[in-house]
Amino acid sequence: MRTLDSPPAADGFRMPAEWERHDGCWMVWPQNGYVWREGARPAQRTLAYLANAVADTGEDVTVTVTGDQYANARSSLDSRVRVVEATTWLGWARDIAPTFVVDDSGRRRGVDFAFNGYGNRYPYWATDDQYARKVLDLAATDRYRAPLVLEGGAFHVDGEGTALVTAETLLDPARNGSPSRTAMEELLASYLGVTRTLWIEWGLTHDATRGHVDNMACFAAPGLICLTWTDDTRDPQYDRSARALEELRGATDAQGRALRVEKLPLPGPLHATDDEIRGLDSHRPRTKDPQLPRLAASYANFYLTADHLFAPLLDRERDDEALACLARIFPHHTVVGIPTRELLLGGGNIHCATQQMPSRRSGGAKPPSLEAAHRPPGAR
């Protein structure tokens, strides 16, 4: 593995869209009781279920695990899932694994963004800041070390030059001081190969990452965005989603297309229970809010393979509606619902737990929602 000095875009590299072909998927075995209850055992069972389900589709899955958890992970995972030792603390692959980029000649490289625990909101982040480099060593992939703090859940791309981000995360002074939007756009252009950045102001309410876009909105196809939505004007999420809708309406992507927005229902509101809070390690600070903590629940936090979409099951009153909505938006994918409350209790979900490794010959895949993207205005 070489560490390269020039930025990816200068070398002709770009980040593909998630629906483009993959060579594999990386996940991290949960283990710490600061984030997950009961020593992370319930979260481990959920991660194993997810990893095995993705492997069932034919996608290569690698789960990394700290040494003393190797036997536990190996016994819980299907034999098709590769298990390798690589020390981590937090466990969200999306945020600490490398972002892979490709070029037109069939080369693949990895971008290693700095990680500081979401602006020093979690301890022991220095261990996770080394994780991307470990993955690139394991994958024998050349590395770019980016000069900014940025987690993989903080951006979405359409593979055709457009990135989607929130100001709440990218302009967070605890991450990168006080950068301007222009400076951040220039860095995204250099390290993701995008030519246009779409900004929405906020992410999901009560999100411990302070606004990751993958909990709020995502590309479903070029020109088409899924947005977390509630009609309840009393919910604090309403103003956030309404502003995002207003910001996206009338905007155009890097190819000059006017954007269409599909609304995904907001689950809940969901809250942690007393038992779930008591299951955390005692050294974790307790909330001062007299109410139990609200969970950052979102159906937008899903993962795409070539022909499957893995979506979280979070709320019995909203799950069927959300899965039907995703099936309509992604007509070429089989939508699979997975119960993921234990991941949610740790602050993330399916998209947070996964990081795709695109094919060296990425591209060529049919965008998953062409029909939805080109419906006439007003159609649902």
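Calculation notes
Residues numbered from 1 in each chain as written. Predicted model: local features only at pLDDT ≥ 70, side-chain atom pairs only at ≥ 80, totals over all residues. Heavy atoms only, no water. Helix = DSSP H or I, 4+ residues; strand = E, 2+ residues; numbered from the N terminus. Contact = heavy atoms within 4.5 Å. Disulfide = S-S within 2.5 Å. Buried < 20%, exposed > 50% of the residue type's maximum accessible area, 1.4 Å probe, protein only. Core = buried A, V, L, I, M, F, W, Y, C linked by side-chain atoms within 4.5 Å.

### Observations concerning the environment of Gly12
Phase 1 of the analysis: Here Gly12 is to be found in the loop between strand S1 (3-4) and strand S2 (22-28).
Phase 2 of the analysis: In this view, Gly12 contacts Val102 and Asp103; residues no more than four positions away in its chain are not counted.

### What about unusual backbone geometry?
Phase 1 of the analysis: That bond from Gly268 to Pro269 is cis: its omega, 15 degrees, falls within 30 degrees of zero.
Phase 2 of the analysis: Tracing the backbone shows Pro269 in the loop between strand S13 (260-265) and helix H11 (274-278).

### Description of the state of the cysteines
Phase 1 of the analysis: Counted under the stated rule, the structure contains zero disulfides.
Phase 2 of the analysis: Here Cys25 is not disulfide-linked; the sulfur of Cys352 is the nearest cysteine sulfur, at 13 Å.
Phase 3 of the analysis: Cys25 sits in the buried class, given a relative accessible area of 1%.
Phase 4 of the analysis: Residue Cys226 stays outside any disulfide, its sulfur separated by 4.5 Å from that of Cys218, the closest cysteine.
Phase 5 of the analysis: A relative accessible area of 0% means that Cys226 is categorised as buried.

### A closer look at the nonpolar core
Phase 1 of the analysis: Membership of the largest hydrophobic core comes to 47 residues, with the highest contact counts inside it found for Met27, Leu50, Val63 and Leu77.
Phase 2 of the analysis: Of all elements in the fold, only S2, helix H1 (41-56), strand S3 (61-65), helix H3 (93-96), helix H6 (131-138) and helix H14 (350-353) reach the threshold of two or more residues within this core.
Phase 3 of the analysis: Looking at which element gives the most residues to this core, the answer is H1, with eight residues.
Phase 4 of the analysis: Apart from the residues within four sequence positions on either side, Met27 is in contact with Leu47, Leu50, Ala51, Val54, Val61, Thr62, Val63, Thr64, Ala93, Tyr131, Ala353 and Thr354.
Phase 5 of the analysis: Within the second largest apolar cluster, 33 residues are counted, among which are Ile225, Phe302, Leu309 and Phe330.

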